[in-house]
Structure formats: structure tokens, C-alpha cells
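Below, each chain spelled out in residue letters.
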Amino acid sequence: MSKCSKCTIQVTGVPRIRRLLVYFSILTSSVLIIYLHFPSLTSALFSISFQSDTVSDSIEKESTESEREIFFTNIPPSQFWLRNQFRKALTSLGRRPFSPPNDWKNCNSYTNTYYFPRIKTVFTGIPKVGCTNWLRALLSAESGSNKANNLNVHAETLPYKIHNTAASSTELKAAFSFTLIRNPWTRLVSGYENKLSRKANNRPYRELGMSIVAQFRGVSGGNTLRNLYPTFEEFLRYLVYNHGKVDRHFTPQYNILCFSAAEYDFIVPLEHAGVMREELSEQIGINLTVTGSNDGIKDPQTQRTTLLAKDWFSEVEKGILHQIYKIFRADFILGDYTNFTDPDFPLPRYSI
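Here goes a summary of the coordinates provided. Note that the structure is a prediction, hence the values are computed from the model and not measured. (Residues numbered from 1 in each chain as written. Predicted model: local features only at pLDDT ≥ 70, side-chain atom pairs only at ≥ 80, totals over all residues. Heavy atoms only, no water.)

**Comments concerning the nonpolar core**
Phase 1 of the analysis: Formed by 85 residues in total, the largest nonpolar core has its most connected members in F178, F235, L236, L239 and F313.
Phase 2 of the analysis: When residues of this core are assigned to their parent elements, the largest contribution, 10 residues, is made by helix 13 (residues 318–335). (Core = buried A, V, L, I, M, F, W, Y, C linked by side-chain atoms within 4.5 Å. Buried < 20%, exposed > 50% of the residue type's maximum accessible area, 1.4 Å probe, protein only. Helix = DSSP H or I, 4+ residues; strand = E, 2+ residues; numbered from the N terminus.)

Right under this line is the structure:
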């Protein structure tokens, strides 16, 4: 009797389990198909983005955030979140964490930090992150005129440079401070196109451009080199060869930021500068008429450097991309920036 009842269980129970497994398989397959073919459906409904293709996932195959975390890319990140990202970047570099009070005069040698005494503002301008435009706006606000348009705002002798200022430590500690950051991929494209490309034909950088060509093509002779310009991939190879220790227009942003010795009151991702400018103006007490882009396009996802980055980086050898990411890894952490393959590129991934 017991044997027969066992047989009955086997005959009737196994098909039931199989049916459950089939239903489960169909359900999971359906979810996967929807996710693969309609990745933007959730974003369209809830204005948020659930992303798994982070820069670290796609290039270095490492994950520092949970894949189930909810990310916002269509709104500016909070200052609390941005300051926390700066701390994470410091940790990734193996540097000591910031400890109050602010010590603005103890910044590293690469720094582009300024103090404007009348408007009581400290600003770190990173090359290729709208630095010149923001400096001119601050100089105009400081002087109350447009004379800044005729100044060399990058001159080492500029009295507003933090190392040239006569301001006391007390004044500097009491000042409002801010900086801007940018997606490393678009910043590299901007640096190359503006300084080293044939289109730019930037005289101060022609010698560097010719040396890059000579190094990676094995070409010699001044007359021959004069008509040659480095390709974008040759430029990236140059960065890898020098481990990112290069001209400040190309070096990682963390080399320029003063974030070991001080903590910024306000951090602006360049991609959200158009929106955050108003809040920043209120903080300083002036009207900053600065745009986030030189090409006049407000949407960072359709700006020239964004489109070029998608195109150029997609053609770069993966081994070079891997090395570039390692050099600029802390820069990506600053804003948890999206990869050039991401639908939301080049926006920061503001997580909650």
C-alpha cells in the first residue's frame, strides 16, 4: 500500500512541478525580452534610469554600486551626494580624507584655484571644463565691469590666483567655494580637438603634436612633421605612455582639484551647469551669465563633444580604453559618470 501511494505521488507530482518550472521560465524570459528590447520603457514612465552598463562594468569589469540601485540622470545631483562622490574619489586614489578646516593655500602644484575678495569666493577652474568662461564671469563680477574680456585670465601673475593672494587664512576659510567637473570622455575629446587636431592648428601645441606623431609613427624630420597631426588614438596612447602626467588640459581632473586640503561648498557637473547656474548665482550673490557649452546647444546629450566622443571612442582599441579608464578612474567617480556606450551619456548617475 505504501509503495503504491508513493507511485501515485511520483506520477501526479512530477508533472505539476514541471508545469511550474515552465511557467517560471516563460515569465523570466518575458521579463528579459522586455528589458533587452525596451530598456527605456521604465525611464519613460518614471523619469529614472536603471543602469547596469556603468563605465567600470563595460571597461574594467568591476562593480562598485549595486545593479538594483535607482539612478537619476535627468536632474542635477544633490550637493550632499556630490561631496560624498569626492570623498570616494579621494579614497580610490589612496589619499588621506579631508579634515577641516579648509587650507586653500596648501593645494597641489597643478591647481588652478582663485580667490575673489570682493565677492568672497574661491573657485577652482579645471581646463576643458568651461574654465575660461567661468573665470571671465567671476572677474567681471569682481571688478564690476567687462574689462575681464581683455585679460589673460590664465596668467600666472594674475593677482587672484590663490598663491598670489594676500588674503589671510581666516578670509579664505570664510569664503564660499565652488568648482566644476565634467565627464572624462567628453573632456578628452574637447582637449584633443581644441589643442592637437588638424582643425585646431593650435600653435602653442604644435610641437607637442609633432612629438606625438614622431613617437607613435616613427616619423622624423621637421619638414615632414610640420604637416602631420596626431590622430585621436595616438593622443590616447600618448596619455597612457605618460600615465596621465601631462599638460593640465589633458591631465585628470583630480590632479587639479584642491580636495585633499579643502572641501568645496558647491560642485557643478558641467552637464547640469545651465540649470545649477541660478542656484550658484544666489549662493554667491551675483548674476552669473555663463552657459554650459560653447556650441550653444543646451542639451549635453546632443552637444558636439558628446557626439564625437561616442564616435571616436567606439573605434579605439579596447586595450587602450582599458588603460585610459584606469588613469581617469577617480574622475569617473567624481560624478559617477556614464560610459560613452550608455544611453544617458555623458550625464552623471545620481543614485538614491
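There is more to say after this.
**Digging into the state of the cysteines**
Phase 1 of the analysis: The tally for this structure, following the rule as stated, stands at 1 disulfide.
Phase 2 of the analysis: The side chain of C107 participates in a disulfide bridge whose partner is C258; the two sulfur atoms lie 1.9 Å from each other. Every disulfide takes its handedness from the sign of the S-S torsion; for C107 and C258 that torsion is -85°, giving left-handed. Of the two residues, C107 is situated in the loop between helix 4 (79–92) and strand 2 (113–116) and C258 in the loop between helix 10 (232–241) and strand 5 (266–269); the sequence distance between them amounts to 151 residues. In terms of burial, C107 and C258 fall into one category: buried. (Disulfide = S-S within 2.5 Å.)

**A few points about the environment of Q215**
Phase 1 of the analysis: Here Q215 lies in helix 8 (residues 206–217).
Phase 2 of the analysis: Judged by relative accessible area, Q215 falls into the partly exposed class, the value being 36%.

**Side note on unusual backbone geometry**
Working note: non-glycine residues mostly have negative phi, and peptide bonds are mostly trans.
Phase 1 of the analysis: Cis geometry is found at the peptide bond from P100 to P101, where omega equals 5°.
Phase 2 of the analysis: As for its placement among the helices and strands, P101 is situated in the loop between helix 4 and strand 2.
Phase 3 of the analysis: The backbone of K120 sits at a positive phi, close to 50°, despite the residue not being glycine.
Phase 4 of the analysis: Tracing the backbone through its elements, the reader meets K120 in the loop between strand 2 and strand 3 (121–124).
Phase 5 of the analysis: Look at K120 and you get exposed, because its relative accessible area is 53%.
Phase 6 of the analysis: Unusually for a residue other than glycine, N201 sits at a positive phi of about 45°.
Phase 7 of the analysis: Summarising the element assignment, N201 is placed in the loop between helix 7 (184–195) and helix 8.

**Let's talk about the packing of aromatic side chains**
Phase 1 of the analysis: As enumerated under the stated definition, the model contains 23 aromatic pairs in all.
Phase 2 of the analysis: Ring geometry for W185 versus F340: centroids 5.6 Å apart, planes at 80°, classification edge-to-face. Of this pair, W185 sits in helix 7 while F340 sits in the loop between helix 13 and strand 6 (350–351), and the two are 155 residues apart along the sequence. You'll find W185 and F340 in the same group, each marked buried.
Phase 3 of the analysis: Centroid distance Y192 to W312: 5.7 Å. Interplanar angle 85°. Geometry classified as edge-to-face. One end of the pair, Y192, is in helix 7; the other, W312, is in helix 12 (residues 304–313), and 120 residues separate them in sequence.
Phase 4 of the analysis: On the basis of relative accessible area, W312 is assigned to the partly exposed category, the value being 21%.
Phase 5 of the analysis: In textbook terms, an aromatic cluster arises when at least three aromatic residues are bridged by ring pairs, as seen for W185, Y192, Y205, F232, F235, F250, W312, F313, Y325, F332 and F340.
Phase 6 of the analysis: Geometry around Y229 places R206 over its ring, the cationic atom sitting 3.9 Å from the centre. (Phe/Tyr/Trp six-rings, centres within 6.5 Å; stacked < 30°, edge-to-face > 60°. Lys NZ or Arg CZ within 6 Å of the ring centre and 35° of its normal.)

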